[in-house]
Amino acid sequence: VPTSSRLNDVINVAASMTYANKTLADMGLAVGTLTCSWGPALDRQSMTISVLSSPAPAVTSISPNSGATTGGTAVTITGTNLTGATGVMIGGVSATNVTVLNATTITATTPAHASGSTSVEVTTPGGANGANTLFTYESPAASLGAPDEAAPVDIAESRRVALSTAAQDASVGRTQGAQRSQARLFSQAQLQNISDHLEGVRHDFRLRPNHFGIQLHIPSMEPFKPLMAKLAEVGLGQSGSASAPAVHRVVAKDPSPFAQGDQRVTRDDKAAFEDRSLGVRESPSIERDPERFSLWSAGTIDAAWFSTDDQPERARKIRVDGLTFGLDYKAGPRAIVGAAFGLGYGSDTSAERLGTVKSNQRSLTGYGLMGFGDGWVLDGLLGYGSQHFRGDRTLSDGLATLTFSRPGRSAFLSGGVSKVFDFQPWRMALFLREDVTKIRLNRYEEVGIADHALGYQSMGSTSSNASAGLSLSKDMYLGGGRLTTSAKLSANRGYSNATSQGVFYADVGPVGGVYALEQQAMEQTFGALSLGILYMTPSGDGVDIGWMRSLGSNRDKSARLRFGVNFAL
């Protein structure tokens, strides 16, 4: 029997089987010195045994020294006095799969733990090692691979701005304004096409030959103004040149165009022009039977510059193409009724690209013209239109581009009364007119990134324009054709009602909240002057050149040129 042994060492006691192959701990021996005696009383023997404690373990390293917070990292712990280890703690949490390989090596698997440095502790019968910071838990890095489609991700809190902020983005106001402007300008183009047509026949109620016409309106340019002024001066007979009188070949005064019944005219250039326009052979005296039906069309390509009142320096270009096909029916000597079908296309561009707005539009209009009394004329029209807008909106910060499609409809009407005076070769008319346009745009939602896509409730707007003025025209007959010079001066008062456009986030709908974009009512008073020259052949072919100038706060067009052509059908 050894005279000294460490705790847990095995002592072979040959004299007694009671403690054979037992450890000191099994025998209940404590650390210290004890005396062991055995044998009978007459022959008892004894010996002193020193019981010593095992040394505490020490941990010097762990490999690897870091792992994921989710745990599951296989580690190897290196140290001394690790024999008999009863547990391994990492960050105060028990490790799993602990295996003591020898007195200096243990393997284990890390448990889950929050990120940060932790202590690795091994417990043996000799105690536990001291605290340390040998192992570090790290959060797993974000995956760069394909996202897990089954895992929902909520990013609204980090990317979606307040609805009021999104609704007040500059791109929203611009897109809404462009939609309203295109719908209004198309209706105005139809009003203008039909009104101009009626104005051309209100002096004599004579239907023109079937014809097709188209006009181009472009912003006026300074170099053209002196030329147009000179043409107007010559056309109105204000030039002082000696050759001017040679142009005027009409010497016979026509009877009033408002005389009842058929009329006979003396042979002159005017009669010859009108005879050829009706396909009548030349003869000293003729009786003309006016046509009962006439097909006509008028097209407008309108390139306008539009700027809002709060940002007049930021003008943007709006183009509206309006084509009108009409059928006239002469219901009586001084009455014409008809119907017209309109087609239109609009587009809007700006210097700073915040998206595009395009539209296709259609309309159906009924109209009439009636003369009564001594030179009085009533005219009116009523139309209905449908619109479809499409395009995209780019946020002012460029973070997203959203697409949209929006239907709408419009109704427009116009009524006027005029007094016509015939002072051959001059004609003058005083007029009053009221135009009203009502627009209704339907609800729609943008398509794109959910954090930026907005929805818009339906909205309506009404605008009107009252005008009064006079027009002056003069016919001259040159080379078998008719040259008509004209001038028109009017005073106008426009009004647009206040509007409210409800805006919401498209993915949650109005139940998630609605922000109202308000636009105040607007009034504008302005004058307008237009000068024109029209040359028409007896067959109905013609060329029209005009210049128009707004003399006040008309915000759509301040000045523009008109180029038109007519083709007989």
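1. Quick word on the sheet that holds strand β11 (residues 96-102)
What the four strands build is an open sheet, ordered β6-β8-β12-β11; its pairing is antiparallel. This sheet does not close on itself; its edge strands, each paired only once, are β6 (58-63) and β11. Taken pair by pair, the neighbouring strands of this sheet meet at an average axis angle of 20°, ignoring direction. Of the pairings in the sheet, the one linking β6 to strand β8 (residues 74-80) comprises five bridges and is antiparallel in character. Residue Ser63 lies in a different strand from β8, and its bridge partner there is Thr76.

2. Here's the deal with the pattern of salt bridges
Within the structure shown, the criterion is met by eight salt bridges. The closest approach of N and O atoms between Glu199 and Lys488, which form a salt bridge, is 3.7 Å. Of this pair, Glu199 sits in helix α3 (residues 170-201) while Lys488 is found in strand β28 (residues 481-496), placing the two residues 289 residues apart along the sequence. The class for Lys488 is partly exposed, based on a relative accessible area of 27%. Residue Arg493 is joined to Glu523 by a salt bridge in which the shortest nitrogen-to-oxygen separation is 2.3 Å. Here Glu523 lies in strand β31 (residues 522-536) and Arg493 lies in strand β28, a separation of 30 residues in the sequence. Given a relative accessible area of 44%, Arg493 falls into the partly exposed group. In this structure Glu523 comes out as partly exposed when scored by relative accessible area, which is 49%.

3. A short note on the environment of Thr83
Tracing the chain through its elements places Thr83 in the loop between β8 and β9 (87-90). Among residues more than four places away in sequence, those in contact with Thr83 are Val100, Asn102, Ala103, Thr124 and Pro125.

4. Quick look at a nonpolar patch on the surface
Taken together, Ile214, Val543, Ile545, Phe563, Val565 and Phe567 make up a surface patch of nonpolar side chains, about 430 Å² in accessible area. The set of elements that each furnish at least two residues to the nonpolar patch consists of β32 (542-550) and β33 (559-568). Inspection of the secondary structure assignment puts Ile545 in strand β32.

5. As for the sheet that holds strand β25 (residues 444-445)
The strand order β25-β26-β29-β30 describes an open sheet built from four strands, whose pairing is antiparallel. Each of the sheet's edge strands pairs with one partner strand only, and the pair in question is β25 and β30 (515-519). Here β25 runs beside strand β26 (residues 454-456); their pairing, made up of two bridges, is antiparallel. Counted as the bridge partner of Tyr444 is Tyr456 from β26. Across the sheet, α3 is in contact with β25, β26, β29 (499-505) and β30; its angle to β26 comes to roughly 35°.

Calculation notes
- Residues numbered from 1 in each chain as written.
- Predicted model: local features only at pLDDT ≥ 70, side-chain atom pairs only at ≥ 80, totals over all residues.
- Heavy atoms only, no water.
- Pairing = 2+ DSSP bridges.
- Helix = DSSP H or I, 4+ residues; strand = E, 2+ residues; numbered from the N terminus.
- Axes fitted to C-alpha atoms, helices over the stretch in contact; angles between N-to-C directions.
- Salt bridge = Lys/Arg side-chain N within 4 Å of Asp/Glu carboxyl O.
- Buried < 20%, exposed > 50% of the residue type's maximum accessible area, 1.4 Å probe, protein only.
- Contact = heavy atoms within 4.5 Å.
- Patch = residues over 30% accessible without salt bridge, like charges linked within 9 Å, V, L, I, M, F, W, Y side chains within 5 Å.
- Areas by Shrake-Rupley, 256 points an atom, 1.4 Å probe, with all protein chains shown as cover.

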